[in-house]
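# Fold and geometry: a report
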Amino acid sequence: MSTIAATGWGSVPDWIGGIETAAVTILLAIGWWRKSRHRRHDQERQSAVAIRQLLLDIEDLYAAMSPNPVV
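Rules and cut-offs
- Residues numbered from 1 in each chain as written.
- Predicted model: local features only at pLDDT ≥ 70, side-chain atom pairs only at ≥ 80, totals over all residues.
- Heavy atoms only, no water.
- Helix = DSSP H or I, 4+ residues; strand = E, 2+ residues; numbered from the N terminus.
- Buried < 20%, exposed > 50% of the residue type's maximum accessible area, 1.4 Å probe, protein only.
- Areas by Shrake-Rupley, 256 points an atom, 1.4 Å probe, with all protein chains shown as cover.
- Salt bridge = Lys/Arg side-chain N within 4 Å of Asp/Glu carboxyl O.
- Patch = residues over 30% accessible without salt bridge, like charges linked within 9 Å, V, L, I, M, F, W, Y side chains within 5 Å.

## Considering the overall build of the protein chain
- Across its full length, the protein chain holds two helices and zero strands.
- Going through the 71 residues of the protein chain one by one, you find that 1% of them count as buried.
- Here the protein chain has roughly 6700 Å² of accessible surface; of this, 67% comes from carbon and sulfur atoms.

## Quick look at the pattern of salt bridges
- Considering all chains together, one arrives at one salt bridge under this definition.
- Note that R45 is salt-bridged to D42, the shortest N-O span being 3.1 Å. Of this pair, R45 and D42 are both found in helix α2 (residues 12-65), three residues apart, which corresponds to roughly one turn of the helix.
- Accessibility expressed as a relative area gives 36% for D42, which makes it partly exposed.

## Quick look at a nonpolar patch on the surface
- A surface patch of nonpolar side chains, about 400 Å² in accessible area, is lined by I51, L54, L55 and I58.
- Structurally, I58 can be placed in helix α2.

In structure tokens, the structure reads:
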């Protein structure tokens, strides 16, 4: 009788199944983390583009309101 079976920890195939489950869980967590990181970077990039466009629009409005518009 093996030590594992004597302590009631299950058989070797049970352990292999547990290791596979843990590996899948870790891989899913890494995939979720990478996806959320990419989503955050996309949001930051979109925010930077929106701010740049807003500044350009303000610059255009200021130039249009100026008494001596620069051409």
